[in-house]
Amino acid sequence: MIGPVYVVTDPDAPLAVRDQAMAAARGGAWAVQIRDKVSADAEVARLAEALIETLVPLGVRVFVNDRVEVARATGADLHIGQGDGDPLRARDRIAPDALLGLSVETVAQCGRIPDGVDYIGAGPFRATPTKPDAAAPIGAAGLARIIAAAPVPTIAIGGLTLRDIATLKQAGASGMAVVSAVTRVPNPEAATRALVDAWRTA
């Protein structure tokens, strides 16, 4: 279910979000998340529907960030943070076959992961400019502690690059989520493919 590379889109990156998602899919990402804190639900829903139509037949999951009702309306997968409401309520609102991810920043939060959450996004591994309001970085040791405590697979996130892959795998991560490492480079497709290849050979 969980692959090595999960790409989170960036509406402020030079490349359009739809093009970011398509490049990530061509590069081998198993999932793409639409993260947009500004646009209206209707706009995000239109993009989600377009990406689902194109990417799901290719075996790529399409997530929306935070927006439970957009996920419900479109059939997209959903990722929520600690401040985005009750995960159980979110689970009940989205499609039965949709995946639900939950952000986790501490070991204590692992003890409150309810049934119905399919994976956690653990981090931030290090500080990152794409999420200035993020919690304090957890580093490799903090990631390993969260992975050990979590009852579901863990995807690491937060300023990650190719150089981190061996450390993430050693900690027990099931995969990595990236933003800038794909969305803000000259060739997002090649960057995604390099991450996928490096993960598989590390």
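Shown above is the structure to which this text applies.
1. Focus on the overall build of the chain
Along the chain, the regular secondary structure elements total 9 helices and 8 strands. C-alpha atoms of the chain, sized along the principal axes, occupy 40 × 40 × 30 Å. Summed over all atoms, the accessible surface of the chain reaches about 9100 Å², with 52% contributed by carbon and sulfur.

2. Quick word on the side chain of Arg67
Checked against the element boundaries, Arg67 lands in the loop between strand S3 (61-65) and helix H3 (68-74). Polar side-chain contacts of Arg67 include one of 2.7 Å to the backbone oxygen of Ser39. Only 2.8 Å separates the side chain of Arg67 from the side chain of Asp41, close enough to count as a polar contact. When sequence neighbours within four positions are dropped, the list of residues in contact with Arg67 reads Asp36, Lys37, Val38, Ser39, Ala40, Asp41, Val44 and Leu78.

3. Comments concerning the packing of aromatic side chains
For the structure on display, the rule yields 5 aromatic pairs. An angle of 85° between the planes, with centres 5.8 Å apart, marks the rings of Phe63 and Tyr119 as edge-to-face. Of this pair, Phe63 sits in strand S3 while Tyr119 sits in strand S6 (residues 119-122), and the two are 56 residues apart along the sequence. Its relative accessible area of 0% is what places Phe63 among the buried residues. Overall, the relative accessible area of 1% leaves Tyr119 in the buried class. Through a chain of ring-to-ring contacts, the aromatic side chains of Tyr6, Trp30, Phe63 and Tyr119 assemble into a single cluster.

4. A short note on the nonpolar core
Among the nonpolar cores identified, the biggest contains 54 residues, and Leu55, Val64, Leu78, Leu143, Leu168 and Met176 are the most heavily contacted of them. Here the element with the most residues in this core is helix H2 (residues 41-55); it accounts for 6 residues. Those residues in contact with Leu55, other than ones at most four positions away along the chain, are Ala21, Met22, Ala25, Val32, Val60 and Val62.

5. Focus on the sheet that holds strand S4 (residues 77-80)
Spatially, the 8 strands close up into a barrel ordered S1-S2-S3-S4-S5-S6-S7-S8, and their pairing is parallel. If you compare each strand with its neighbour and ignore which way they point, the axes differ by 25° on average. The pairing of S4 with strand S5 (residues 100-104) spans 3 bridges and is classified as parallel. Across the sheet, Ile80 pairs through a bridge with Leu102, a residue of S5.

6. Comments concerning the packing of helix H1 (residues 17-27) against H2
Where H1 meets H2, the axes come as close as 11 Å, and the angle between the chain directions of the two elements is 25°. One way to sum up the angle between H1 and H2 is to call them roughly parallel. Relative to H2, H1 is oriented so that their crossing is right-handed. Along its contact with H1, which presents Val17, Arg18, Ala21, Met22 and Ala25, the element H2 presents Leu47, Ala50, Leu51, Thr54 and Leu55. Within the contact of H1 with H2, the residues separate by chemical class into 8 nonpolar, 1 polar and 1 charged.

7. Observations regarding the pattern of salt bridges
The tally for this structure, following the rule as stated, stands at 9 salt bridges. Here Arg184 and Asp10 are joined by a salt bridge, their closest N and O atoms 2.8 Å apart. With a gap of 174 residues between them, Arg184 in the loop between helix H8 (180-183) and helix H9 (188-201) and Asp10 in the loop between strand S1 (5-8) and H1 connect regions that are remote in the sequence. Residue class for Arg184 comes out partly exposed when judged on its relative accessible area of 43%. Close ionic contact of Glu189 with Arg193 constitutes a salt bridge, the shortest N to O distance being 2.8 Å. With Glu189 and Arg193 both in helix H9 and 4 residues apart, this pair spans about one turn of that helix. Under the relative-accessibility criterion, Glu189 is labelled partly exposed at 21%. A single salt-bridge network, built from bridges that share partners, covers Arg26, Glu189 and Arg193.

Quick notes on the rules
- Residues numbered from 1 in each chain as written.
- Predicted model: local features only at pLDDT ≥ 70, side-chain atom pairs only at ≥ 80, totals over all residues.
- Heavy atoms only, no water.
- Helix = DSSP H or I, 4+ residues; strand = E, 2+ residues; numbered from the N terminus.
- Areas by Shrake-Rupley, 256 points an atom, 1.4 Å probe, with all protein chains shown as cover.
- Polar contact = N/O pair within 3.5 Å; in protein donor to acceptor, adjacent residues only side chain to side chain.
- Contact = heavy atoms within 4.5 Å.
- Phe/Tyr/Trp six-rings, centres within 6.5 Å; stacked < 30°, edge-to-face > 60°.
- Buried < 20%, exposed > 50% of the residue type's maximum accessible area, 1.4 Å probe, protein only.
- Core = buried A, V, L, I, M, F, W, Y, C linked by side-chain atoms within 4.5 Å.
- Pairing = 2+ DSSP bridges.
- Axes fitted to C-alpha atoms, helices over the stretch in contact; angles between N-to-C directions.
- Parallel < 35°, antiparallel > 145°, perpendicular 65-115°, else oblique.
- Left-handed = near helix turned anticlockwise from the far one by under 90°.
- Nonpolar A, V, L, I, M, F, W, Y, C, P; charged D, E, K, R; others polar.
- Salt bridge = Lys/Arg side-chain N within 4 Å of Asp/Glu carboxyl O.

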